Amino acid sequence: EINKNGWVNKHLSNIESFYKKTPYFNEYYPEIKNIYLKDHNLLIDLTLDLIKHFLKILDKEVKIVLSSDIKTDLKGLDKILYILKNLNATKYISGDGDGSKRYIDEKLFSDQGIELVWQDYKHPIYKQQFNEFISYMSILDLLFNEGPNSKNII
């Protein structure tokens, strides 16, 4: 559950403080603020509203399926494989960090006819408001700094 004790206003204040001088702040901030100010009870609801909004801005059509909507008592890799089969997936993209590699069994994926792709993410460099580029910021950083060009970068 979302802590209704000033968290939203503090977060919005931080976003405004950090980004109000960026080129596209005024274009994107009002709707983001409206999403934050909706009466969300659960963090997942706020998160989904934000993700859907960002996908729309970036002209990305994606079907979102929550794993919680696929009923199973399975855990870990068994749950992942169950979900992939339930969705008729043919490909699974996994992070390539130690956390992912410790539980992923490539043979189990190939046995299920699912291509396993290890993500090898190379962070793009884009204009930011300060001189030195800082990677791995949020989608807000990209949108507020690059505006409509964000869809070409991401």
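Computed from a prediction, not measured in an experiment: that's the story for all the values here.

Undergrad: How should I be thinking about the overall build of the protein chain in this particular structure?
TA: Of the regular secondary structure elements, the protein chain holds 8 helices and 2 strands. Shown N-terminal to C-terminal, the secondary structure of the protein chain runs as helices and strands in the order α-α-α-α-β-α-α-β-α-α. Over its C-alpha atoms the protein chain spans a radius of gyration of 19 Å, topping by over 25% the 15 Å that the globule rule assigns to 154 residues. If one aligns the C-alpha atoms of the protein chain with their principal axes, the spans along those axes are about 50 × 35 × 30 Å. In the protein chain, buried positions account for 31% of the 154 residues. Within the protein chain, counting contacts between residues at least 6 apart in sequence, those at least 24 apart form 50% of the total. Placing the 21 positive and 22 negative side-chain charges of the protein chain at their respective mean positions leaves the two points 3 Å apart.

Undergrad: Even after reading the chapter, I still don't get the nonpolar core, so can you show me in this structure?
TA: When a protein is soluble and globular, its nonpolar side chains tend to lie buried together. With 19 residues, the main nonpolar core has Ile15, Ile32, Tyr36, Leu50, Phe54 and Phe144 as its most contacted residues. Among the secondary structure elements, those contributing two or more residues to this core are helix H1 (7-19), helix H2 (25-37), helix H3 (43-57) and helix H7 (139-146). Considering each element in turn, this core owes the most residues, 6 residues, to H2. In this structure Phe144 touches Ile15, Tyr19, Thr22, Pro23, Tyr24, Phe25, Tyr28, Tyr29 and Ile32, once residues within four positions along its chain are discounted.

Undergrad: Before we go on, may I ask you to explain the side chain of Asp141 in this structure?
TA: Within the fold, Asp141 resides in helix H7. Among buried charged residues, Asp141 stands out as having no salt bridge; its nearest opposite-charge side chain is Lys127, 12 Å away.

Undergrad: Honestly, a nonpolar patch on the surface in this entry has me stumped. Any pointers?
TA: A contiguous nonpolar surface patch, about 230 Å² in accessible area, is contributed by Ile51, Val62 and Ile64. Locating Ile64 in the fold gives a position in the loop between H3 and helix H4 (76-86).

Undergrad: Where do I start with the pairing of strand E1 (residues 91-94) in this structure?
TA: Successive residues of a regular strand alternate their side chains across the two faces of the sheet. Only one face of E1 is covered, namely the face carrying Tyr92 and Ser94; the face carrying Lys91 and Ile93 is uncovered. As judged from the 4 bridges shared by E1 and strand E2 (residues 115-118), these two strands associate in the parallel manner. Within the sheet, the bridge partner assigned to Ile93 lies in E2 and is Val117.

Undergrad: Would you mind going over the packing of aromatic side chains with me for this structure?
TA: Any aromatic ring pair is given by two values, namely how distant the centres are and how the planes are angled relative to each other. On inspection of all chains with the given rule, the structure shows 7 aromatic pairs. A centroid spacing of 6.1 Å and a plane angle of 55° characterise the contact between Tyr121 and Tyr136, whose relative ring orientation is tilted. Taken as a pair, Tyr121 in the loop between E2 and H7 and Tyr136 in the loop between E2 and H7 lie far apart in primary sequence, 15 residues in all. For Tyr121, a relative accessible area of 43% translates into the label partly exposed. An aromatic cluster is present here, built from Tyr19, Phe25, Tyr29 and Phe144 joined pairwise through their rings.

Undergrad: How should the packing of H2 against H7 be read in this particular structure?
TA: The description of two packed helices rests on the angle between their axes and on the distance between the axes. The N-to-C vectors of H2 and H7 enclose an angle of 140°; their axes lie 8 Å apart at closest approach. Taken together, the axes of H2 and H7 lie oblique to each other. Between H2, through Phe25, Tyr28, Tyr29 and Ile32, and H7, the contact on the second element is made entirely by Leu140, Leu143 and Phe144. Residues belonging to the contact of H2 with H7 are distributed by class as follows: 7 nonpolar, no polar and no charged.

What counts and how
- Residues numbered from 1 in each chain as written.
- Predicted model: local features only at pLDDT ≥ 70, side-chain atom pairs only at ≥ 80, totals over all residues.
- Heavy atoms only, no water.
- Helix = DSSP H or I, 4+ residues; strand = E, 2+ residues; numbered from the N terminus.
- Rg over C-alpha atoms; globule rule 2.2 N^0.38 Å.
- Buried < 20%, exposed > 50% of the residue type's maximum accessible area, 1.4 Å probe, protein only.
- Contact = heavy atoms within 4.5 Å.
- Lys, Arg positive; Asp, Glu negative; His and termini not counted.
- Charge placed at Lys NZ, Arg CZ, Asp CG, Glu CD.
- Core = buried A, V, L, I, M, F, W, Y, C linked by side-chain atoms within 4.5 Å.
- Salt bridge = Lys/Arg side-chain N within 4 Å of Asp/Glu carboxyl O.
- Patch = residues over 30% accessible without salt bridge, like charges linked within 9 Å, V, L, I, M, F, W, Y side chains within 5 Å.
- Areas by Shrake-Rupley, 256 points an atom, 1.4 Å probe, with all protein chains shown as cover.
- Pairing = 2+ DSSP bridges.
- Phe/Tyr/Trp six-rings, centres within 6.5 Å; stacked < 30°, edge-to-face > 60°.
- Axes fitted to C-alpha atoms, helices over the stretch in contact; angles between N-to-C directions.
- Parallel < 35°, antiparallel > 145°, perpendicular 65-115°, else oblique.
- Nonpolar A, V, L, I, M, F, W, Y, C, P; charged D, E, K, R; others polar.

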